[in-house]
Structure formats: C-alpha cells, structure tokens
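# Structure at a glance
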Amino acid sequence: MKIICVGLNYRKHAAEMGRPLPPEPMIFLKPDSALLKKNKPFFIPDFSKNLQFEAEVVLRISKLGKGIAAKYADRYYDALTVGIDFTARDLQHKFSQAGHPWELSKTFDGSAPLGTFIPAERFPNHSDISFSLEINGEPRQEGNTSDLIFGFADIIEYVSTFYTLKTGDLIFTGTPSGVGPVKKGDNLVARLAGETVLDFFVR
Ligand code: MG
C-alpha cells in the first residue's frame, strides 16, 4: 500500500510556513514503514532536533481506481480518521535550501501515526468535518475540512491521474495552522468530529 500526502492544503498553514499557495495539490508519498498504529509510542529520531507534528484528516481508499472524476471520488474511500504527518523540520529546511527533495524529513519510520477509522457514511457532509489535536491536554490545532484548498474530491481526481489508487491506500489531506515541535513525554490526542481517534505518547 501507499500513503499519499498533500502539502500546504490550508491557507493559514501555508502562511505560517512562509510559502505561496500551490496552484495544484502538492503531493508526496510515505512508505508503509512510516505507519504507526494502535496508539504505539513515537520515538523521536536522533537525526532531528526539530521534530514537528501536523495533524491531518486521513482517507482510506476502498476501491481500485485510476483517472477518477471528482464527482465520483466519494465512491473510492470508505473511512476517515486523523493521522500525524511528523516532519523533521530542520532536515526539511536543509534539503529545501540545497534544492534537493526533502522526502526523508517526512517519510522516515514511524512518521505517520494513524488513528482509528470512522465509517465515511457517519459524516453527513465531508466538506464540513472538524478535527483537532491536543498536546498534554492543551489545544494546539483546530481544523475543519471546509477550509481545505483542495477538497477530498479534488485530491482524488488529481492523484489518480498519476497513480492507480488501490484498496487500503491512505491519503493524508494536509494540516491546518498551529504546527510545532514535540518533546519526549508529550501526549498527543486527536479528535475527528469530537470523537477521540488517536492517543499516544512521544518517547
Ligand atoms: Mg503535512
């Protein structure tokens, strides 16, 4: 399976990163070894001194598809959750400044903690789903899919132009503003439409 991620998909997050809004979805992939399931702890890797959280709504692909039109996109995913797109921000900046791909900074082992999935039909409007991240009981990120620059259907249409989507593939749809560093001992709790889907510790 593959993990498809969208970068800079919320205006305020693009602004906090000092980046212009992308004219089309900005896409990168994580390998399956990035997945961290069942609330297992995340171990900060030695290679980063600035490991940052990005809470994102994640879609689970449920059907094989290629060249999917936006109007049919909702037939191709069956569940949603929240995941964390962990980012070694120091490495990302170093690689970016060198003009090199920064994928190592976002795709290392354990860089994709994944919450418990909620069936898609439980959400009446996929363009209005709230989600949040708390660290040690303190609110850090609040998002709503109504603020996505490229919504779920646009993302699926775009990525399926390039990749065949397969059952079990995941799409991380981008993070809202408020990203920041984690430290050992932090407890991250993510909610989707008020339901706790992810609850784990940083070690
Ligand atoms: Mg992200």
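Residues numbered from 1 in each chain as written. Predicted model: local features only at pLDDT ≥ 70, side-chain atom pairs only at ≥ 80, totals over all residues. Heavy atoms only, no water.

## Things to note about the nonpolar core
Most often, soluble globular proteins have nonpolar side chains that are buried together. Membership of the largest hydrophobic core comes to 57 residues, with the highest contact counts inside it found for Leu80, Ile84, Phe86, Ile156, Ile171, Leu188 and Leu192. The element best represented in this core is strand β5 (residues 55-61), accounting for five residues. Setting aside residues no more than four positions away along its own chain, isoleucine 156 makes contact with Leu59, Ile61, Ile68, Ala73, Tyr77, Leu165 and Ile171. (Core = buried A, V, L, I, M, F, W, Y, C linked by side-chain atoms within 4.5 Å. Buried < 20%, exposed > 50% of the residue type's maximum accessible area, 1.4 Å probe, protein only. Helix = DSSP H or I, 4+ residues; strand = E, 2+ residues; numbered from the N terminus. Contact = heavy atoms within 4.5 Å.)

## Remarks on the environment of lysine 166
Assignment of secondary structure puts lysine 166 in the loop between α4 (152-162) and β12 (170-172). Between the C-alpha atoms of lysine 166 and proline 113, which are 53 residues apart in sequence, the distance is 20 Å. Lysine 166 has contacts with Lys2, Ile61, Lys63 and Leu64, leaving out every residue within four places of it along the chain.

## Describing unusual backbone geometry
Phi is positive for leucine 8, which is not a glycine, with a value near 50°. Position of leucine 8 among the secondary structure elements: in the loop between β1 (3-7) and α1 (11-16).

## So, the sheet that holds strand β13 (residues 180-181)
One open sheet accounts for three strands, arranged β7-β4-β13; its pairing is antiparallel. Bordering the open sheet on either side are β7 (87-88) and β13, each of which pairs with just one other strand. Bridge count between strand β4 (residues 51-53) and β13: two bridges; the pairing is antiparallel. Note on β13: the bridge partner recorded for phenylalanine 53 is glycine 180. (Pairing = 2+ DSSP bridges.)

## Some remarks on the packing of aromatic side chains
Applying the stated rule across the entire model yields eight aromatic pairs. When the centroid spacing of 6.5 Å and the interplanar angle of 50° are considered together, the rings of phenylalanine 42 and phenylalanine 108 count as tilted. Pair noted here: phenylalanine 42 is in the loop between β3 (35-36) and β4 and phenylalanine 108 is in the loop between α3 (104-107) and β8 (112-113), with a separation of 66 residues, a long-range link. Considering the side-chain rings of tyrosine 158 and phenylalanine 162, the 5.2 Å spacing of their centres and the 55° angle between planes classify their relative orientation as tilted. Taken together, the positions of tyrosine 158 and phenylalanine 162, both in helix α4 and four residues apart, correspond to about one turn of that helix. Taking the relative accessible area as the measure of exposure, phenylalanine 162 reaches 53% and is therefore exposed. Pairwise contacts between aromatic rings join Phe42, Phe47, Phe86, Phe108 and Phe200 into one cluster. The ring of tyrosine 76 carries lysine 63 above its face, with NZ or CZ at 4.7 Å from the centroid. (Phe/Tyr/Trp six-rings, centres within 6.5 Å; stacked < 30°, edge-to-face > 60°. Lys NZ or Arg CZ within 6 Å of the ring centre and 35° of its normal.)

## Observations concerning the pairing of strand β10 (residues 130-135)
Direction of pairing for β10 relative to strand β11 (residues 138-144): antiparallel, over a ladder of six bridges. Its bridge partner being in β11, isoleucine 135 is matched across the sheet by glutamate 138. Hairpin connection from β10 to β11: two residues lie between these consecutive antiparallel strands, with asparagine 136 at a positive phi of about 50°. Where β10 meets strand β14 (residues 187-192), five bridges bridge the pair, whose relative direction is antiparallel. The residue bridging phenylalanine 131 from the neighbouring strand is leucine 192, located in β14.

## Thoughts on the coordination of the magnesium ion
Protein coordination of the magnesium ion is provided by Glu54 (OE), Glu56 (OE) and Asp85 (OD), with donor distances spanning 2.0 to 2.1 Å. If you list the donors of the magnesium ion from N- to C-terminus, the spacing comes out as E-x1-E-x28-D. In this pair, glutamate 54 is assigned in the loop between β4 and β5 and aspartate 85 in the loop between β6 (77-84) and β7, connecting sequence segments 31 residues apart. On the basis of relative accessible area, glutamate 54 is assigned to the buried category, the value being 3%. (Donors = N, O, S within 2.8 Å, 3.2 Å for Na, K, Ca; no water.)

Honestly, it's all geometry; don't read function into it.
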